[in-house]
Amino acid sequence: MSLVDKIKQAIPRQGGAVDADRLADRVDGLRRFVQATEDHVPDAQLVTARTVIDRAGERLALSRAHTVVALAGATGSGKSSLFNALCRFQLSRVGVRRPTTGVAHACVWGPQGAGPLLDWLGVPPNRRFTRESALDGNDEAGLRGLVLLDLPDFDSIEARHRLEVDRLLRLVDLVVWVLDPQKYADRVVHQQYLTQFQRHRDVTVVVLNQADRLNRTDSERLVADLRRLLEADGLGGVPAFPTSAKGQPGLDLLRATLERTVERRQAALQRLAGDVSGAVGDLEPLVAAEVRGEKIQPAAVHRLADSLAVAAGVPIVVTATERTYRHRATGVLGWPVARWARKLRPDPLRRLHLDQPAGGTPAASSLPESTAAQKAAVALASREVAEQAGAGLPEPWPAAVTAASRARLDDVPDALDVAVASADLGMDRKPFWWRLVGGLQWLAAAAALAGLLWLGVRAVFAFLGLPGVDTPQVGRLPLPTTLLAGGLLFGLLLSIVVRPIVGLAARRARARAERRLRAAIAEVADVHIVAPMRGVLRSYDDARDALRTAAR
Ligand SMILES: Nc1nc2c(ncn2[C@@H]2O[C@H](COP(=O)(O)OP(=O)(O)OP(=O)(O)O)[C@@H](O)[C@H]2O)c(=O)[nH]1
Ligand SMILES: [Mg+2]
């Protein structure tokens, strides 16, 4: 196989090119997901997403002209040797005593401006080196933009080495896993590291170093075996080839791979794209179910409003309204004597302190407190709405919907009181026909009174033997008698005739009051119980939508 073919095979998978703007949109989708869910989903489940968002923002703000490549592997695999060979200088100490490298070293190939990137990576200033001096001529031109990191060993007996490796592996753009013939099949490498990089296949390269110690047949056999292991790690197809820092097959392939990576300037974006995909994959179960149609069932909300109405004393108020209507109607329409008797007794609404004119400041009503049973019914009904609304949603959303339904429950009793006390029961204005009939009653009473007085005067005159004035006759009855009897009779008849009409109107007043109170109660149910649930469902929708953007 020619070197060119080998290089072609070794070039990182390259995947699809990642567009920086699209990546920014995806990160923004992830950010919107976190915003939509942070009040409902436990923090622990959002940590990865938050980290990815922060890291992506930071990395994209830093130099895009540089590609950060890390050499990672077990102790003694030859990371520092490869690092030095690629840099063509002994920059990182190669040791016999293991582990040798404790702090990451960095070598930067032109251009200027990698400082902030190295600060962000946390490479100490005394471990930073720069290549491509005037002496190199154009030899190193192909690697311009490369920031090569020699990492400590990840299987270290030193815990801090491992921490440092894990920290840096989250930040770098491309990882070259340096394995050696003795430990290339080590479980730690495959289970704890390589399998975790499935989403980063596009920015993963594996080398079997120290291949100079193997004959050609063994080298090919081991590389084939390594590829099989990588396949099992979910990294099938990533470049895997032999290298040596000391002899054949050398570093040409690795160098060519790095040159190509640097040239494409895709690694940073691909790395971040992989991170976003990883976060999306972790988050997907949180919004797996599609919400179709209205989750909040009108029937259940209606039952909730019913139980709130009972708890708020609506049945008492509507009965009082009906009675008050009769009471006040009798006060206006009844026989004047009966009216006065009526007026002495306060009407039922007044007794409940619910007789404020519409629009006035509501006073505290004297309705009885809701009973424990009524409160339980409200709790049950609101749970029913919440359960139906949350049904079919993945965890933790059903619980979030239920919690939202309870969030403002403490305010409900006061809100109900205000709703009832300030509802316009429609009892302020006297109907026109009341005035009409009332006027007739007065007229009848006045006629009866006039007749009575007239008869009285006539009796006094007769008693004193004074000559009387001629009394006009109506038919066979004298006028004063007709006035008295007619007035009384008319008044009586009028009150009898209007009674069924009053009954009918009182029932209508009751129905109207009930309608208005129910509307006021429904508003309380909506504002205090249903709206918070709707808010959670909206968050769910937003989160789902945002994650779709993040996944694209
Ligand atoms: N024959 C041969 N020996 C190598 C090769 N690469 C490294 N070595 C030797 O392997 C030993 C370890 O090399 P290092 O480069 O220090 O290994 P490392 O991976 O940096 O080790 P740590 O810093 O401890 O993680 C040294 O003795 C090197 O000389 C190689 O390609 N071929
Ligand atoms: Mg080393």
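Residues numbered from 1 in each chain as written. Chains lettered and ligands numbered in written order. Predicted model: local features only at pLDDT ≥ 70, side-chain atom pairs only at ≥ 80, totals over all residues. Heavy atoms only, no water.

- If you look the protein up in an unreviewed UniProt entry, it shows as G domain-containing protein from Dactylosporangium siamense.

### Quick word on a negative patch on the surface
Here comes step 1: On the surface, Glu369, Asp410, Asp411, Asp414 and Asp417 cluster together into a patch of negative charge.
Here comes step 2: The topology assignment puts Glu369 in the loop between α14 (348–351) and α15 (372–390). (Patch = residues over 30% accessible without salt bridge, like charges linked within 9 Å, V, L, I, M, F, W, Y side chains within 5 Å. Areas by Shrake-Rupley, 256 points an atom, 1.4 Å probe, with all protein chains shown as cover. Salt bridge = Lys/Arg side-chain N within 4 Å of Asp/Glu carboxyl O. Lys, Arg positive; Asp, Glu negative; His and termini not counted. Charge placed at Lys NZ, Arg CZ, Asp CG, Glu CD. Helix = DSSP H or I, 4+ residues; strand = E, 2+ residues; numbered from the N terminus.)

### A look at the packing of aromatic side chains
Here comes step 1: Taken as a whole and judged by the stated rule, the model has 6 aromatic pairs.
Here comes step 2: With a centroid separation of 5.1 Å and an interplanar angle of 80°, the aromatic rings of Trp177 and Phe197 are classed as edge-to-face. Placement of the pair is Trp177 in strand β5 (residues 174–179) and Phe197 in the loop between α7 (187–193) and β6 (204–208), with a sequence separation of 20 residues. The exposure classification of Trp177 matches that of Phe197, with both residues buried.
Here comes step 3: Here Trp397 and Tyr540 contribute two aromatic rings whose centre-to-centre distance is 5.2 Å and whose plane-to-plane angle is 85°, an arrangement assigned as edge-to-face. With a gap of 143 residues between them, Trp397 in helix α16 (residues 397–407) and Tyr540 in helix α19 (residues 479–551) connect regions that are remote in the sequence. (Phe/Tyr/Trp six-rings, centres within 6.5 Å; stacked < 30°, edge-to-face > 60°. Buried < 20%, exposed > 50% of the residue type's maximum accessible area, 1.4 Å probe, protein only.)

### A look at the pattern of salt bridges
Here comes step 1: Under the criterion given, the structure shown has 21 salt bridges.
Here comes step 2: A salt bridge links Asp275 to Arg55; the shortest N-O distance between them is 2.7 Å. Residue Asp275 is located in helix α10 (residues 267–283), and its partner Arg55 is located in helix α3 (residues 47–61); the two are separated by 220 residues in the primary sequence.
Here comes step 3: For Asp275, a relative accessible area of 7% translates into the label buried.
Here comes step 4: Judged by its relative accessible area of 9%, Arg55 is buried.

### A word on unusual backbone geometry
Here comes step 1: For the bond running from Gln248 to Pro249, omega is 0°, close enough to zero to count as cis.
Here comes step 2: Of note, Pro249 is situated in the loop between β7 (240–242) and α9 (252–264).
Here comes step 3: Cis geometry is found at the peptide bond from Glu395 to Pro396, where omega equals 0°.
Here comes step 4: Position of Pro396 relative to the elements: it lies in the loop between α15 and α16.

### Side note on the site of ligand 1
Here comes step 1: In the vicinity of ligand 1, 22 residues are found, and the nearest of them are Thr75, Lys79, Ser81, Thr100 and Lys246.
Here comes step 2: Within the contact set of ligand 1, an oxygen atom lies 2.9 Å away from a backbone nitrogen or oxygen of Gly76.
Here comes step 3: Taking Gln210, its main chain carries an N or O atom lying 3.5 Å from an oxygen atom of ligand 1.
Here comes step 4: Coverage of ligand 1 by the protein amounts to 90% of the 640 Å² it exposes when considered alone.
Here comes step 5: The class makeup of the residues in the shell around ligand 1 is 4 nonpolar, 12 polar and 6 charged. (Near = heavy atom within 4 Å. Polar contact = N/O pair within 3.5 Å; in protein donor to acceptor, adjacent residues only side chain to side chain. Nonpolar A, V, L, I, M, F, W, Y, C, P; charged D, E, K, R; others polar.)

### Focus: the packing of helix α4 (residues 79–87) against α9
Here comes step 1: Relative to each other, α4 and α9 sit at 70°, their axes nearing to 11 Å. Here α4 lies roughly perpendicular to α9, going by the angle between them. Only Leu254, Arg255 and Leu258 of α9 make contact with α4, whose side of the interface consists of Leu82, Ala85 and Leu86.
Here comes step 2: Looking at side-chain class alone, the contact of α4 with α9 contains 5 nonpolar, no polar and 1 charged residues. (Axes fitted to C-alpha atoms, helices over the stretch in contact; angles between N-to-C directions. Parallel < 35°, antiparallel > 145°, perpendicular 65-115°, else oblique. Contact = heavy atoms within 4.5 Å.)

### Some words on the nonpolar core
Among soluble globular proteins, nonpolar side chains are generally buried collectively.
Here comes step 1: In this structure, Leu30, Phe33, Leu304, Leu308 and Tyr325 are the most contacted members of the largest nonpolar core, which totals 84 residues.
Here comes step 2: Looking at which element gives the most residues to this core, the answer is α19, with 22 residues.
Here comes step 3: Leaving out residues up to four positions away in the same chain, Leu30 has contacts with Ala49, Val52, Ile53, Val276, Ala279, Val280, Leu283, Leu547 and Ala550.
Here comes step 4: Judged by nonpolar contacts, the second largest core, of 42 residues, contains Ala106, Val172, Val189 and Ala240. (Core = buried A, V, L, I, M, F, W, Y, C linked by side-chain atoms within 4.5 Å.)

### Comments concerning the environment of Glu140
Here comes step 1: Take Glu140: it is sitting in the loop between β3 (128–131) and β4 (146–150).
Here comes step 2: What makes Glu140 buried here is its relative accessible area of 0%.
Here comes step 3: Counting along the chain gives 30 residues from Glu140 to Gly110, while the straight-line C-alpha distance between them is 9.2 Å.

### Quick notes on the sheet that holds β7
Here comes step 1: With respect to topology, 7 strands assemble into an open sheet ordered β3-β2-β4-β1-β5-β6-β7, the strand pairing being mixed. Of all strands in the sheet, those with a lone pairing partner are β3 and β7, marking the two edges. Recorded for the sheet is a direction-independent mean angle of 20° between the axes of neighbouring strands.
Here comes step 2: In this structure, strand β1 (residues 67–73) lies alongside β4, joined through 5 bridges in parallel fashion. Its bridge partner lying in β4, Thr67 is registered against Leu146.
Here comes step 3: Those strands touched by helix α8 (residues 216–232) are β5, β6 and β7, and its axis lies near 160° from that of β7. (Pairing = 2+ DSSP bridges.)

### What to know about a positive patch on the surface
Here comes step 1: The grouping of Lys343, Arg429, Lys430 and Arg435 at the surface amounts to a positive patch.
Here comes step 2: Relative to the helices and strands, Arg435 resides in helix α18 (residues 432–464).

### Observations regarding α10
Here comes step 1: Here α10 spans 24 Å end to end across 17 residues, near enough to the 24 Å set by a 1.5 Å rise per residue.
Here comes step 2: Most of α10 sits inside the fold, with 14 of its 17 residues counted as buried. (Expected span 1.5 Å × (residues − 1).)

### Regarding the UniProt feature "transmembrane region" (unreviewed entry) in the protein
Here comes step 1: UniProt records the feature "transmembrane region" (unreviewed entry) for residues 439–464 and 484–506 in the present numbering.
Here comes step 2: Helix and strand shares over residues 439–464 are 100% and 0% respectively, and the end C-alpha atoms of the span are 37 Å apart.
Here comes step 3: Structurally, residues 484–506 is divided into 100% helix and 0% strand, and its ends, taken at the C-alpha atoms, are 32 Å apart. (UniProt positions renumbered as here; feature names shortened; annotations may be inferred.)

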